[in-house]
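What the coordinates show
The residues making up each chain are set out below.
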Amino acid sequence: MIPAAFDYVRASSAEEAISLLGQYGDEAKLLAGGHSLIPLMKLRLAQPTVLVDIGRVSDLSYIRDAGDHVAIGALTRHMDVETSPMLLEHVPLLAHATSHVGDPQVRHRGTIGGSLAHADPASDLPATTLALGATYVVTGPNGTREVAASDFYQGYLTSVLAADELLTEIRVPKMNGAGWSFQKFNRRAQDWAIVGVAAWTRGSESGVGLVNMASVPVLASSVSSALASGSSIADAAALAADEADPQADLNASVEYRQHLARVLTRRALSEAAG
Amino acid sequence: MTMTDQPTGVLGSRMLRREDPALLTGEARYTADLVVPGALHLAMVRSPYARARIVSVDTAAAVTMPGVRAVYSGADLADTWAGPMPCAWPVTEDMKNPTHLPLAVSQANYVGDAVACVIAETAEAARDAVEAVVVEYEPLEAVIDLEDALSDRVVIHDEIGTNRSYTWDLKIEETEGACDAAFAAAAYAVKERYIQQRLIPAAMEPRAVLAVPQPFGGDMTLYSATQVPHILKVMTALTLGIPEHQLRVIAPAVGGGFGSKLNVYAEELLCVALAKRHGVPVRWTETRSEGCQATIHGRGQIQDIELAADANGRLTGLRVRLIGDMGAYLQLVTPGVPLLGAFLYAGVYELPKAFDFSCTSVFTNMTPTDAYRGAGRPEATYAIERAMDSLAYEIGIDPLELRRRNFIPTEKFPYEAYTGLVYDSGNHDGAATLAAEMVGYDELRERQRSQNVPGATKRIGIGLSTYFEMCGLAPSRVLASLNYGAGGWEAATVRVLPTNKVQVVTGTSPHGQGHETAWSMIVAEKLGISPDDVDVLHSDTAIAPLGLDTYGSRSLAVGGVAIAMTCDKVVDKARQIAAHLLEANPDDLEFAGGEFSVAGSPDRSMPLAAVAFEAFTAHNLPDGMEPNLEAHTTYDPPNFSWPFGTHICVVEVDTETGETEVLRYVAVDDCGNQVNPLIVDGQVHGGVIQGLAQALFEEAVYDSDGNLRTSTLAEYLVPAASDVPPVITGHTVTPSPTNQLGVKGVGEAGTIAATPAVINAVVDALSGLGVRNVPMPASPNTVWSIINAAQGGSQ
């Protein structure tokens, strides 16, 4: 469990981090909480030659009320998201989903931005922010741009982030009293979900995000369309796997994943409506 | 809830473990913690192929890297070994045992098989150099499936010409043909096939080795995270051609083993060989993925079991056919593991002499298997306990009732079984009754009837396991009859120091069990002193030269009893001295509370402390008596010990997702008298969770090319505390009559009992859906698929 040799530089601001990324290009990786990157490096599945540590860029750790949404700094640790009174009031689905990430040690080190930028479809937060219609703020050498969560994920562990860009803020619309549910199905509490469902409903509106059901987080828009047009929860949930393209692994066959997505979506919608 | 008639005093008290403060504060020193300046670091180059010819090994680039001292291929070191890696259990005369060297020379036979190694000044330099060693392989077809291996379609080891290692038969019949006749006449018969999946032991502390050459004279000290320093010393000496007396083996703090550290490994031999060759210390610490690939695996059997029963459900015949998965090579006791289970296939039940057992073991291109917590006995117990549930289903009676009809009656103990082995003591109905009361068996059956209605998606299941364990390994003559390459005795020395502090030297080698606490309690009880005044010395062959180490739940029933016997010898000698000084007849002296007194004259007394000092000064000892108060015992047990109990698991299966939730788990264990019930509970808790893990979580998964797909703890699902239920423990106490402490052993009981209890519960939950068996681990996906198949559909 010894990583390949690498250089280490510490950035003291987002601007410095972006500048360093520009300097080192594809050779560099950002180090935030390290709970995705370091294990890959120890197994030598990732061998960056430079780590740019942004762990001490403290001005990217915040949770702010921004009117119709809550703005979360990318370096906010999971434990702060999970326990934030503002998020518990305005975006309880995100706070609750975050409480299912890894284990307490992971949640005290890992960051929301690190989890989203890693773009692992099996992680809880990409699908959750997708279901919530979040917007990500991305900062690069030429300033900032906003990317909808639904446009951010390109493939397995791949996002629209350029090599010299940094995810700096996550903007999550307030839920305004919507019912919600987070269903995480796994065999051990600290594991990634075999299948997970993040769902909210408010009247005829809804959002359903699926964890680990494709190479990217999946928005189950067929379910929301069916609900909007008056389908029952059971009928809508039966469409849950329609946008999905799951893989088989040691925990689940393709068929089982599809089945779980339908069952868990039904349970999530029932709980959200409850 | 405990039924106990134990003596009051130190023995039987829930004393906190003296080992724990150092372990919990991180002060305990494990092998990898030992600071040795100048030690070189060993790193292994391992085969990425399950079976491949080694065409060439190019070390040129690696050896020039910074900090690298040397790089060796298997061929480079072939002359270093005086013998191959040891297998101490040639179970049959004609057993096939392919050559197994610490570094493979011409062919790699599993993913992880070492083919070259590096020593370097730092672990980082060694690791980097591993990547620079260029090995050219010619991949060969790998054999993964046991029945495919049996067919010899592809023969793994050319030198033995077959994949069969051995066939071992045990047929016990009153008259020839009795077993076949029993099946012919059976009112009920069941025939089942069970698969014991491979398990990865995953001890908390990985393996670690440090070999330190001593400054003068060629002596070598080998530190290793091992369960068996004494066995390791003998085997290392033989394999390397080192005079045994020049080798000292020390097991520092060892963080669990579960059998996986009951072995002699390539890295141990390499560290010693290279430390000798280079004249400097050499060390190695395993990574977790190496632990998954290159430390032995457990289980790995296909079991075919048939039960014959009369109209009342009483067993009349038993037939077992096993295929054992040896993996690529035979490790220390690999071939013997199925034999350890052979005697337990009838469990706690009366069986006439109509028993027909045969095991054929085969080589495969996977990590070698060997003893893993229970070693053969969990497999046997699983088969009989699952088959008893099948038989109950066949007859249409409650599984508990069927068991009761077959229990060996309490009044028949000591009981000579069909195998000729004598079970020391038992009260199977007592344990079952207590467990049923504690779990609320009748109410649960009632709840099950009302809940498991057609269409129900949450179904209750109740699983029983009424287990037997054969432990206290072992009478040496019995081991001889099984061709085991060592005895089963244990050694103890008790030394009362001049100030009445006591040193105990034991040949057992604890690696988490709490021997220091338990052994000090035995001595304290025996000598009437405080446990705090007892120091327990162990796990260093220079301090404890005689011993056969710790495995097979043997330490208390053999090693602990040896200590008690030695204390008696100390008291006998002290009595002679005290009588001499008190001018009394030794027979008139009473010894209690650490003091000798003359019967009827309470004013004439002498504490053991005074006797100890007199023994030390030797100023006034009886004529001819040697100074000092010390005694030694090497104890060969007259019998195995036979712990037993009843575990009951209650589950709720979600038929929509296939998920199993354990609602309640009750473990009633009878391990005879308990030295420290707190330690007993700890062993039961850990054992139950490990057994439950086999049932629901764990499996070493290989693909058809022989790649291990579960080589990290992200894929190999060792459950954490949050994933498992609380374990409710209860005990009955049926002392063993074969040793003076009345103890039996409890290290493996939980693992043996739990696996069938859990699976029986899962199958019971689904029996109304037509499910009769669920393979292990009963993962949600597997259970969901089984339900679909039983319902005649697939989704």
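All values derive from a computational prediction rather than experimental measurement. (Residues numbered from 1 in each chain as written. Chains lettered and ligands numbered in written order. Predicted model: local features only at pLDDT ≥ 70, side-chain atom pairs only at ≥ 80, totals over all residues. Heavy atoms only, no water.)

1. Notes on helix α17 (residues 555-582) of chain B
Residues and elements named next belong to chain B. Counted at 1.5 Å a residue, the expected span for α17 with its 28 residues is 40 Å, and the 38 Å between its end C-alpha atoms agrees. Of all 28 residues in α17, 21 are buried; the element is thus mostly enclosed. Positive backbone phi, approximately 55°, marks E583, located one or two places after α17. (Helix = DSSP H or I, 4+ residues; strand = E, 2+ residues; numbered from the N terminus. Expected span 1.5 Å × (residues − 1). Buried < 20%, exposed > 50% of the residue type's maximum accessible area, 1.4 Å probe, protein only.)

2. Here's the deal with the packing of helix α12 (residues 254-273) of chain A against helix α21 (residues 780-790) of chain B
Direction vectors running N to C along α12(A) and α21(B) enclose 90°, while the axes themselves pass 11 Å from each other. In terms of axis orientation, α12(A) runs roughly perpendicular to α21(B). Between α12(A), through E255(A), Y256(A) and H259(A), and α21(B), the contact on the second element is made entirely by P780(B), N781(B) and W784(B). Considering only residue class, the contact of α12(A) with α21(B) consists of 3 nonpolar, 2 polar and 1 charged. (Axes fitted to C-alpha atoms, helices over the stretch in contact; angles between N-to-C directions. Parallel < 35°, antiparallel > 145°, perpendicular 65-115°, else oblique. Contact = heavy atoms within 4.5 Å. Nonpolar A, V, L, I, M, F, W, Y, C, P; charged D, E, K, R; others polar.)

3. A look at the packing of aromatic side chains
Residues and elements named next belong to chain B. If you walk through the whole model with that rule in mind, you get 22 aromatic pairs over all chains. Ring geometry for W168 against F343: centres 6.3 Å apart, planes inclined by 70°, an arrangement best described as edge-to-face. Taken together, the positions of W168 in strand β7 (residues 164-173) and F343 in the loop between α10 (337-342) and β15 (354-363) put the pair 175 residues apart, joining distant regions of the chain. On the basis of relative accessible area, W168 is assigned to the buried category, the value being 11%. Summarising the aromatic geometry, the rings of F413 and Y415 are spaced 6.3 Å apart at their centres and angled 50° between planes, so their arrangement reads as tilted. Of the two residues, F413 and Y415, neither departs from the other in class, the shared state being buried. Three or more aromatic residues link up through ring pairs in this structure, and these residues are W168, F343, Y345, F355, F357 and Y418. Sitting above the plane of the Y265 ring, R207 keeps its charged end 3.6 Å from the centroid. Here R319 stacks its cationic end above the ring of F183, 4.3 Å away from the centre of that ring. (Phe/Tyr/Trp six-rings, centres within 6.5 Å; stacked < 30°, edge-to-face > 60°. Lys NZ or Arg CZ within 6 Å of the ring centre and 35° of its normal.)

4. Remarks on helix α7 (residues 229-240) of chain B
All names here are of chain B. For α7, with 12 residues, the first-to-last C-alpha span of 16 Å sits near the 16 Å given by 1.5 Å per residue. Counting buried residues in α7 gives 10 out of 12 residues, a clear majority hidden from the surface. Among the residues making up α7, those that are buried are P229, H230, I231, L232, K233, M235, T236, A237, T239 and L240. In this structure, the buried residues of α7 make contact with β10 (220-224), β11 (247-250) and α8 (266-278). Backbone geometry just after α7 places G241 at a positive phi near 65°.

5. Considering the domain arrangement of chain B
Residue and element names in this part refer to chain B. With domains assigned, chain B is organised as domain 1 (20-24 + 489-635), domain 2 (34-140 + 204-256 + 261-294) and domain 3 (298-473 + 639-790). Taken over C-alpha atoms, the centre of domain 2 sits 36 Å from the centre of domain 3. Each partner contributes residues to the interface: domain 2 has 30 residues there, and domain 3 has 26 residues. Applying the counting criterion to the domain 2 and domain 3 interface returns 0 salt bridges. Counting every contact that joins domain 2 to domain 3 gives 9 residue pairs in polar contact (both at pLDDT 80 or more). At the level of elements, α7 and α9 (288-294) are the ones that each hand at least two residues to the side of domain 2 that touches domain 3. For the side of domain 2 that touches domain 3, the element with the most residues is α9, which contributes 4 residues. (Domains from an automatic or database assignment. Salt bridge = Lys/Arg side-chain N within 4 Å of Asp/Glu carboxyl O. Polar contact = N/O pair within 3.5 Å; in protein donor to acceptor, adjacent residues only side chain to side chain.)

6. Regarding the side chain of R107(A)
Along the polypeptide, R107(A) turns up in helix α6 (residues 104-109). For R107(A), the side chain forms a polar contact with the main-chain oxygen of G102(A), separated by 3.4 Å.

7. Focus: the pairing of strand β22 (residues 589-592) of chain B
Residue and element names in this part refer to chain B. Relative to strand β23 (residues 595-598), β22 runs antiparallel, the two being bridged by 4 bridges. Bridge pairing in β23 links E590 to S597. Between β22 and the antiparallel strand that follows it, β23, lie 2 residues; G593 among them carries a positive phi value of about 60°. (Pairing = 2+ DSSP bridges.)

8. Notes on the sheet that holds strand β1 (residues 7-10) of chain A
Picture the strands of a sheet paired through backbone hydrogen bonds; they go either parallel or antiparallel. Residues and elements named next belong to chain A. With parallel pairing, the 3 strands of this open sheet are ordered in space as β1-β3-β2. In this open sheet, the two edge strands, each paired with only one partner strand, are β1 and β2 (28-31). Adjacent strand axes in the sheet meet at a mean angle of 25° when their direction is disregarded. Taken together, the 4 bridges between β1 and strand β3 (residues 50-53) define a ladder with parallel strand orientation. By the bridge assignment, V9 is partnered in β3 with V52. In the packing of helix α1 (residues 14-24) onto the sheet, contacts are made with β1, β2 and β3, and the angle to β3 comes to roughly 170°.

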